[in-house]
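Observations on the model geometry
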Amino acid sequence: MSNKKHFETEAIRNQTERSQFSEHSTPLYLTSSFVFDDAEEMRASFAEEKQRNLYSRFTNPNTSEFVNKIVAMEGAESGCVFATGMSAIFSTFAAILNAGDHVVSCRSVFGSTHSMFTKYLPKWNIKTSYFKVDEVALVESLIQENTKILYIETPTNPAVDILDLELIGNIAKKHNLIFIVDNCFATPYIQQPIKFGADLVIHSATKLMDGQGRVLGGVTVGKEDLIREVYLFARNTGPAMSPFNAWVLSKSLETLAIRVEKHCENALKVAEFLENNIKVDLVKYPFLESHPQFKVAKQQMKLGGNIVAFEIKGGIEAGRKFLNKIKMCSLSANLGDTRTIVTHPSSTTHGRLSEEDRLEVGITNGLVRVSVGLENVADIIEDLAQALED
Ligand SMILES: Cc1ncc(COP(=O)(O)O)c(C=O)c1O
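Remember, predicted model here, so these are calculated numbers, not experimental data.

1. Some thoughts on the packing of helix α11 (residues 256–275) against helix α15 (residues 377–388)
The interhelical angle for the contact between α11 and α15, taken along N-to-C directions, is 30°, at an axis separation of 10 Å. Crossing of α11 against α15: the hand is right-handed. Counting all contacts with α11, which are made through N266, K269, V270 and F273, the residues of α15 involved are V377, I380, I381 and L384. In terms of residue class, the contact of α11 with α15 is built from 6 nonpolar, 1 polar and 1 charged.

2. So, the packing of helix α4 (residues 85–96) against helix α9 (residues 224–237)
It is at 8 Å that the axes of α4 and α9 come closest, and there the two elements cross at 110°. Judged by the inter-axis angle, α4 sits roughly perpendicular to α9. In this structure, α4 contributes S91, T92, A94, A95 and I96 to the contact, and α9 contributes L226, E229, V230, F233 and A234. A class-by-class count of the residues in the contact of α4 with α9 yields 7 nonpolar, 2 polar and 1 charged.

3. With respect to the site of the ligand
Taken together, 13 residues surround the ligand, and among them T84, G85, M86, S204 and T206 come closest. For the shell around the ligand, the residue count by class is 5 nonpolar, 6 polar and 2 charged.

4. Some details on the sheet that holds strand β11 (residues 341–343)
Ordered in space as β8-β9-β12-β11-β10, the 5 strands form an open sheet in which the pairing is mixed. Here the strands that pair on one side only, and so sit at the sheet edges, are β8 (280–284) and β10 (330–331). By the bridge criterion, 4 bridges tie β8 to strand β9 (residues 307–312) in an arrangement that is antiparallel. If you follow V283 over to β9, its bridge partner there is F310. Strands in contact with helix α13 (residues 315–325) are β9, β10, β11 and β12 (367–371); relative to β9, the strand with the most contacts, it is inclined by about 125°.

5. A word on the environment of H344
With respect to the helices and strands, the residue H344 is situated in the loop between β11 and α14 (355–360). Between the C-alpha atom of H344 and that of L331, which follows or precedes it by 13 residues, the distance is 9.0 Å. If sequence neighbours within four positions are ignored, H344 has contacts with G319, R320, F322, L323 and V368.

6. Examining the pairing of β9
The element β9 is extensively covered by neighbouring structure, given that 5 of its 6 residues are classed as buried. In terms of strand pairing, β9 meets β12 through 5 bridges, oriented antiparallel. Note that in β12 the partner of I307 across the bridge is S371.

7. What about the domain arrangement of the protein?
Each domain of the protein was delimited in the assignment, giving domain 1 (7–253) and domain 2 (256–388). Relative to domain 2, the C-alpha centre of domain 1 lies at a distance of 27 Å. In this assembly, 31 residues from domain 1 lie in contact with 32 residues from domain 2. Looking at the side of domain 1 that touches domain 2, the elements with two or more residues in it are α1 (7–13), α8 (187–190) and α10 (243–253).

8. Quick look at the nonpolar core
The biggest cluster of nonpolar side chains holds 105 residues, and the ones touching the most others in it are F179, I180, V270 and V308. Per-element tally for this core: the top contributor is α11, with 9 residues. Here this core gathers at least three residues from each of two domains, domain 1 (7–253) and domain 2 (256–388). Look past the residues within four positions of I180 in its chain and what remains in contact with it is T92, I149, Y151, A198, D199, L200 and I202.

9. Re α15
Helix length check: α15 (12 residues) gives 16 Å between terminal C-alpha atoms against 16 Å at 1.5 Å per residue, within 8%. Among the residues of α15, those classed as buried are I380, L384, A387 and L388. Taken end-on, α15 shows its buried residues confined to a sector of 105°, consistent with a single buried face. Relative to its buried face, α15 has exposed residues pointing more than 90 degrees away, namely A378 and Q386. Elements that come into contact with the buried residues of α15 comprise α11 and α13.

10. Description of unusual backbone geometry
For the peptide bond that leads from T154 to P155, omega is -5°, which places it in the cis range. Turning to its location among the elements, P155 is positioned in the loop between β4 (147–153) and α7 (165–174). Backbone torsion omega between N157 and P158 reads 0°, so that peptide bond is classified as cis. Looking at where P158 falls in the secondary structure, it is placed in the loop between β4 and α7. Although it is not a glycine, E48 adopts a positive phi angle of roughly 60°. By the element assignment, E48 lies in the loop between α2 (39–46) and α3 (61–74). Look at V160: it is not a glycine, yet its phi comes out positive at around 55°. With respect to the helices and strands, the residue V160 is situated in the loop between β4 and α7.

The rules we used
Residues numbered from 1 in each chain as written. Predicted model: local features only at pLDDT ≥ 70, side-chain atom pairs only at ≥ 80, totals over all residues. Axes fitted to C-alpha atoms, helices over the stretch in contact; angles between N-to-C directions. Helix = DSSP H or I, 4+ residues; strand = E, 2+ residues; numbered from the N terminus. Left-handed = near helix turned anticlockwise from the far one by under 90°. Contact = placed C-beta atoms within 7 Å. Nonpolar A, V, L, I, M, F, W, Y, C, P; charged D, E, K, R; others polar. Parallel < 35°, antiparallel > 145°, perpendicular 65-115°, else oblique. Near = placed C-beta within 6 Å. Pairing = 2+ DSSP bridges. Buried ≥ 20, exposed ≤ 12 C-beta atoms within 10 Å, placed from the backbone. Domains from an automatic or database assignment. Core = buried A, V, L, I, M, F, W, Y, C linked by C-beta atoms within 7 Å. Expected span 1.5 Å × (residues − 1). Arc of directions from axis to C-beta.

Here you go:
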């Protein structure tokens, strides 16, 4: 029997070694530190001559189980976990970059990632050059002698645009750049960026990995040598994931494949319903033929994901009215939950940006984002339909 198991099997059977109690399901190791038999064992462990748990800021059986699963799912060499998706992103950049380095990134990135690029990294004289989702042809012209990282998210948040992983991966390789992908919207079940040349893959585990809106978490996986730098940064600066959150998340991963299948089935039905509604101008869902990057999405994604974006006729006011009429779905900032969530970015999360800045990232005034959940799809559609009525 080969060592390499299927995705679903890794998610379930990749488990921390059983304790002396022979438990079936991994217990919660709620402990801040671990004990040593003698001074020599302690010395050898701190010198990393012996691989074992020392202190839960470094590793813990629960965080190790969680990260080992993601490493297997993404086809990575190694990985490191964090308290949140943002601490994974910041720690990864902080570990790899030096003062004066340069980053090339797609402009359509998560809001706090944009703040990291524009507000915090410049403190260390690290500048970022942006390209828009439809400007991939410009990427090579943005690369400078000091460029170190090429960064993207796909699908993007909230406009659900798709970037060509293979094309961008090849540019990174040609210019010897570290290619980093935020794979949060897809999950490793749908898309594995390492196959297309990514050196590191980052997730907010808060979203579909937890899948039930309970805990925060982040993870970075990829090449061993890069992860070693990221791990040492995290070990020393302390953005550690709590064992409790790792325990919850590792259990969640056992059902990731089956949950994501159903999320995507529901999302496609919601997208098709919206496409036929006269109050809706445009629907963006990667697996709708009308999506501008449908062909690329089909090449790199197994399914279309659970996020549907659509343009409601009537701009900002129509968007606000729609949210006010929603009865069952939740108005919340999270996504990737069992509960369907609707947001209207231009009057809420992105309300402080100028219209010009919003348009740069594809957020039109009437754009609504739906994170399609696991309720019966007929009930989701009924709620959206009544909210779209006059
Ligand atoms: C694409 C993407 N990346 C990163 C994050 C940040 O994750 P967290 O909230 O776990 O810090 C989010 C959160 O919504 C996200 O959507």
